[in-house]
Structures are given as structure tokens and as C-alpha cells.
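Fold and contact review
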2 protein chains.
Amino acid sequence: MKTNIITISRQFGSGGHTIGLKLADQLGIPFYDQELVEKIAQEAGFDIDVASNIIEEAPGRNPFVYNFVGRDAAGLSAADRLWAAEVKVIERLANEGPCIIVGRCADYLLRNRDDVLRVFICADQEFREARIVERFGETSVSPRKRLADKDGKRAAHYRYYTGQKWGIPTQHDICLNTAHIGIDRAVSIIASLYNNPE
Amino acid sequence: MKTNIITISRQFGSGGHTIGLKLADQLGIPFYDQELVEKIAQEAGFDIDVASNIIEEAPGRNPFVYNFVGRDAAGLSAADRLWAAEVKVIERLANEGPCIIVGRCADYLLRNRDDVLRVFICADQEFREARIVERFGETSVSPRKRLADKDGKRAAHYRYYTGQKWGIPTQHDICLNTAHIGIDRAVSIIASLYNNPE
């Protein structure tokens, strides 16, 4: 079966975003990462900054955001309305044609399609600590805590909306550890799977 | 860094053994799976059938085997003596030159070498159920229970001796889901990583 969509789930600092960008360039197909949050905000009728904050503060991890912020007349929280928009936007993008989607539970949302290559990018702790400091600079919070916090939110969001654990090998077609495989070899393996259907 | 050793951890029924065999054939390097249990039994001075049974009944999963069977004068259980032999045999094989080692915590035991490619092979439940029935036939136990039992023992053995969870993406360089990637594409990805060091 021909692959049309590549979903990339990734641990923070593992290089998943960079791999997605390089793949999009090499394969000549659209790439959605931050652009996806913009589309979701627009779909739900939210200001982009408000949407980003709510999406960042995963429900399940932060009961305040989930339970109290912005319930509408139907009793849906802001987080739930953003989730509904996320479902719609991701299905629409997948139907529009080949693309690469980073994060946002896209692997789960597109699980019933057989033209999706579901990738998980991870890396050793030290590799990721060094990478976030190099890319985003030092902050008052230790790199270790920044990684745990970001991945904790990703896992909580995934768990809350999909009922599944995040980062399990069987939920993906391929998991690559960039600390050992390297970003360029990861790109070339994924591109080869995209170009050579089984 | 050149890869010399490929370790393959695998869910039962995922095709890890077949992938190892095909790789060994393609790369022209030795392959150790059941042969490893024979070498470990010999090293520990056990009959192969006794060793196989004890190794199969993972300590941690089966406290009887661990706590009571065959303690020697030094108070080591038979399972612990086999583990000590396993450590020795795997280190010796890795020092002898390029090879492929299936199972037996080899990924963990060789973690301090930088010439090891650590592979995890998994697959969807339905794929594995069909595969074990095709390869090993029906038994009075359901395929689902056979998978859960075998993988439960592998996870318990791994957890007991390494202190780590089994089947976590970051503990491997690459995880492949054969239900989606297919056995032949898995072989070709691993062979390409072996032949093309970063």
C-alpha cells in the first residue's frame, strides 16, 4: 500500500521536528507542526495564543484548564472544543493529499487509514538535554526538568484523548533513536519507507 | 562507528527470529538464538533441557524457580547461575567478532559498547496471533494467552536482571512493527544500518 501520510510523534529534544522538515523538503510534500495549531485555533474560533496555551497545558495534567476554563453553552471545555477542531483539521489535511504531521495524536486519529506511516522519534536523555539547550538556550529550569515536563504533558494529552499510553512501539510502524541512528539516517530510512511501499 | 553486533529483542510472534536468520544470511555473520541457550547451559554445567526450562520460567514471574530450585553451596539459585553464564557467553561472543544475538538481554548486557545496533521487533496483536498459529500450530491455549504468557515471561526476566522495563523505544536504536513494515523491509533497513555507519 502506498504511504501518503507520515505522522511523527516525538520526545522533546529528539529531533522529530527537524526530521519532519527535512523529509518534507526531500519528498516535496507539506509539513504541519506549529501550522497545525494555527489551523486548529482557526477551526475552533480561538485566538492562536489562547489555543497554544490550552493545548500546551494538557487536560489530565492540568485539571484546572480542563474543568473550568471556557465551558461553552453545551458544557464543552475550551480544551474539548480544541480537540474536536484537531480531529476535524487532521482528517481534512489527510484527505487533501500527502503530507507530514508532527504530534497532535495524528497517529491515533488516522489509525483506520492504511496509507499512514506512523513514526516515533526518541533519543537518550543526555542527547536531548544537550539538544534543547543548543536549540532553545538555557532557562532557570534544568534541561532534565524541561524534558520531563514537556513529555509529561504530551503523554497526558495523548492518554486523555486516546485512552492509550504514549510512545509504545506497537502503536507505531517504526521508532528511531536519534542519539544512535542520527538525524540524517533517520530521514533516509523514513523516506525509503515512504517511497517503497511493501 | 562501525556496527559489529546486532541485538534483536522481539515480541513473541513478531518475526524477530526470522529477521535475524535472514540478516545473518545476507550479512554473512553468525546468528545466535537457540544456540545461545545451549552455550549458556554448557557454560553453567547444566543439561540443555533443564537450562531451557529454567530460562523459560523467568525468575520474578515464577518465585518457586527463583527461590527454591537448585541453590548451590554459595546460595546461588540455578536461575542466577544461568544468568552469570549468560553474561559471560554474550560478552565472549561479542568479543569474537560480528554476530547477531536474539533475546537474552543482550541489548542490556552490551550497553557499554558503541558497536552494537539494538533492534526491537514488535507487531500488532492479530498479526502475531496468526503467525504463531501458522508457525507452531494450534494448542489448547488461545493464541492471545500464549502471546501474553511468553511476552510476560520475557518482560519479567528482563526486569528482574536488568532493572529496566522491556520494550521501551529509548532502550533500542530502532523498533520495527512487522505488521506494517513487513519482514523483508525490516531486514533491508537493519542491513543498511549495519552497512552504513553514521
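Throughout this document, residue positions are counted from 1 along each chain, in the order its sequence is written. Whichever chain is written first is A, and whichever ligand is written first is 1; the rest continue in order. Totals for whole chains, interfaces and linings use every residue, but because this is a predicted model, local features are given only for residues with pLDDT of at least 70 and side-chain atom pairs only at 80 or more, for both listing and counting. Hydrogens and waters are ignored; side-chain quantities use all the structure's heavy atoms.

With respect to the overall build of chain A
Where we set the bar: Only DSSP runs of H or I reaching four residues or more are called helices, and only runs of E reaching two or more are called strands; each is numbered from the N terminus. When we talk radius of gyration, it's over C-alpha atoms, and the globule rule is simply 2.2 Å times the number of residues to the 0.38. Burial here depends on accessible area, computed with a 1.4 Å probe over protein chains only, as a share of the maximum for the residue type. Under 20% is buried, over 50% is exposed, and the range in between is partly exposed. For the accessible areas, the method is Shrake-Rupley and the probe is 1.4 Å, while residue cover comes only from the protein chains on display. Within this scheme the basic residues Lys and Arg register as positive and the acidic residues Asp and Glu register as negative, but His and the chain ends are omitted. By convention, the charge on Lys lies at NZ, on Arg at CZ, on Asp at CG and on Glu at CD.
The helix and strand tally for chain A stands at 10 helices and five strands. By the compact-globule yardstick of 16 Å for 198 residues, chain A fits well, its C-alpha radius of gyration being 17 Å. In terms of principal-axis extent, the alpha carbons of chain A reach across some 50 × 40 × 25 Å. Expressed as a percentage of its 198 residues, the buried residues of chain A come to 54%. Summed over its atoms, the accessible surface of chain A is roughly 8,900 Å², and 49% of this surface lies on carbon and sulfur atoms. Between the centroid of the 25 positive side chains of chain A and the centroid of its 27 negative side chains there is a distance of 3 Å.

What to know about the sheet that holds strand β1 (residues 5-10) of chain B
Strand pairing in a sheet relies on backbone hydrogen bonds. The paired strands run either parallel or antiparallel. The cut-off we apply is this: The rule for pairing is simple: two strands pair if DSSP sees at least two bridges between them. Residue contacts follow a heavy-atom distance rule, with two residues in contact if any of their heavy atoms lie within 4.5 Å. Axis definition: a line fitted to C-alpha atoms, over the contacting stretch in the case of helices. Angles run 0 to 180 degrees between N-to-C directions.
A sheet is described by the order of its strands in space; here 10 strands give the open sequence β2(A)-β3(A)-β1(A)-β4(A)-β5(A)-β5(B)-β4(B)-β1(B)-β3(B)-β2(B), paired in mixed fashion. Unpaired on one side and paired on the other, β2 (31-32) of chain A together with β2 (31-32) of chain B mark the two borders of the sheet. Pairing analysis gives four bridges linking strand β1 (residues 5-10) of chain A to strand β3 (residues 99-102) of chain A, with the strands arranged parallel. Residue A:Ile5 lies in a different strand from β3(A), and its bridge partner there is A:Cys99. Each of β1, β4 (116-122) and β5 (174-177) of chain A together with β5 (174-177) of chain B touches helix α10 (residues 183-195) of chain A; the most contacted strand, β5(A), lies at about 165 degrees to it.

Details of the relation of the copies chain A and chain B
Under the convention used in this document: Least-squares superposition of the copies uses the C-alpha atoms of those residues scoring a pLDDT of at least 70 in each of them.
With an RMSD of 0.0 Å, the operation that places chain A on chain B is a rotation of 180 degrees combined with a shift of 0.0 Å along the axis. When the rotation and shift are considered jointly, the pair of chain copies conforms to a two-fold rotation axis. For chain A, the residue whose C-alpha comes nearest the rotation axis is A:Cys175, separated from it by 2.4 Å. Of all interface residues in chain A, 100% are interface residues in chain B too; the two copies therefore contact each other through one and the same surface.

Thoughts on the packing of helix α2 (residues 34-44) of chain A against helix α5 (residues 78-96) of chain A
Residues and elements named next belong to chain A. Applied cut-off: By definition, any crossing whose near helix is turned counterclockwise from its far helix by less than a right angle is left-handed, and any crossing with a clockwise turn is right-handed. Gly is placed with the polar residues, together with every amino acid not listed as nonpolar (Ala, Val, Leu, Ile, Met, Phe, Trp, Tyr, Cys and Pro) or charged (Asp, Glu, Lys and Arg).
The geometry of α2 relative to α5 is characterised by a closest axis approach of 8 Å and an angle of 120 degrees between their N-to-C directions. Crossing geometry of α2 relative to α5 is assigned as right-handed. Residues Leu-36, Lys-39, Ile-40, Ala-41, Glu-43 and Ala-44 of α2 lie in contact with α5, whose contacting residues are Arg-81, Leu-82, Ala-85, Glu-86, Lys-88, Val-89, Ile-90, Arg-92 and Leu-93. Per-class residue counts for the contact of α2 with α5 are nine nonpolar, no polar and six charged.

Points about a positive patch on the surface
The condition is simple: Each patch is built from residues lacking any salt bridge and having more than 30% relative accessible area; the joining distance is 9 Å for like charges and 5 Å for nonpolar side chains (Val, Leu, Ile, Met, Phe, Trp, Tyr). A pair is scored as a salt bridge if a Lys or Arg side-chain nitrogen falls within 4 Å of a carboxyl oxygen belonging to Asp or Glu.
On the surface, A:Arg159, A:Lys165, B:Arg159 and B:Lys165 cluster together into a positively charged patch. Assessed through its relative accessible area of 47%, A:Arg159 is described here as partly exposed.

Considering the interface of chain A and chain B
Note the cut-off: In this description, buried area is defined as the sum, over both parts, of the accessible area (probe of 1.4 Å) that is lost when the two are combined.
Contact with chain A, which involves 27 residues of that partner, is made by 27 residues of chain B. When chain A packs against chain B, the two sides together hide about 2,000 Å² of surface, and 58% of this comes from carbon and sulfur. In this structure, the connection of chain A to chain B is made through zero salt bridges. When residues of the side of chain A that touches chain B are traced back to their parent elements, those giving at least two are β4, β5, α9 (178-181) and α10 of chain A. Across the side of chain A that touches chain B, the residue classes break down as 13 nonpolar, eight polar and six charged.

Re the side chain of B:Ser14
Residues and elements named next belong to chain B. Heads up, the rule is: Identification of polar contacts relies on pairs of N or O atoms within 3.5 Å, with a donor-acceptor requirement for protein atoms, meaning one able to donate a hydrogen and the other able to accept it, and with residues adjacent in sequence counted only if both atoms are side-chain atoms.
Mapped onto the fold, Ser-14 is located in the loop between β1 and α1 (16-27). Its relative accessible area of 0% is what places Ser-14 among the buried residues. Among the polar contacts listed, one links the side chain of Ser-14 to the backbone oxygen of Gln-11, at a separation of 2.8 Å. Beyond its immediate stretch of four places on either side in the chain, Ser-14 contacts Ile-121, Cys-122, Ala-123, Phe-127, Arg-128, Arg-131 and Thr-178.

A few points about the pattern of salt bridges
Following the criterion strictly, the structure yields 18 salt bridges over all chains and no others. The residue A:Asp151 makes a salt bridge to A:Arg128 at a minimum N-O spacing of 2.7 Å. Here A:Arg128 lies in helix α7 (residues 125-136) and A:Asp151 lies in helix α8 (residues 143-162), a separation of 23 residues in the sequence. Between B:Lys88 and B:Glu43 there is a salt bridge, and its shortest N-O distance comes to 3.6 Å. You can see B:Lys88 sitting in helix α5 (residues 78-96) and its partner B:Glu43 sitting in helix α2 (residues 34-44), a full 45 residues away along the chain. Judged by its relative accessible area of 51%, B:Lys88 is exposed. Ionic contacts of the salt-bridge type, sharing partners, join the residues A:Glu43, A:Lys88 and A:Arg92 into one network.

Remarks on the nonpolar core
Heads up, the rule is: By convention a nonpolar core is built from buried Ala, Val, Leu, Ile, Met, Phe, Trp, Tyr and Cys residues, the set being connected through side-chain atoms within 4.5 Å.
By size, the foremost hydrophobic cluster in this structure holds 66 residues, and its most contacted members are A:Leu36, A:Ile101, B:Leu36 and B:Ile101. Setting aside chain neighbours within four positions, we find B:Ile101 in contact with B:Ile5, B:Ile6, B:Thr7, B:Ile8, B:Tyr32, B:Leu36, B:Ile90, B:Ala106 and B:Leu110. Core analysis: the next-biggest nonpolar cluster, separate from the first, contains 48 residues, A:Ile6, A:Leu176, B:Ile19 and B:Val102 among them.

Looking at α10(A)
Definition in use: A helix is expected to reach a length of 1.5 Å times the quantity of its residues less one.
Between its first and last C-alpha, α10(A) extends 18 Å over 13 residues, near the 18 Å set by a 1.5 Å rise per residue. Taken residue by residue, α10(A) has A:Ile183, A:Arg185, A:Ala186, A:Val187, A:Ile189, A:Ile190, A:Ala191, A:Leu193 and A:Tyr194 as its buried positions.

The values are spatial; any link to function lies outside them.
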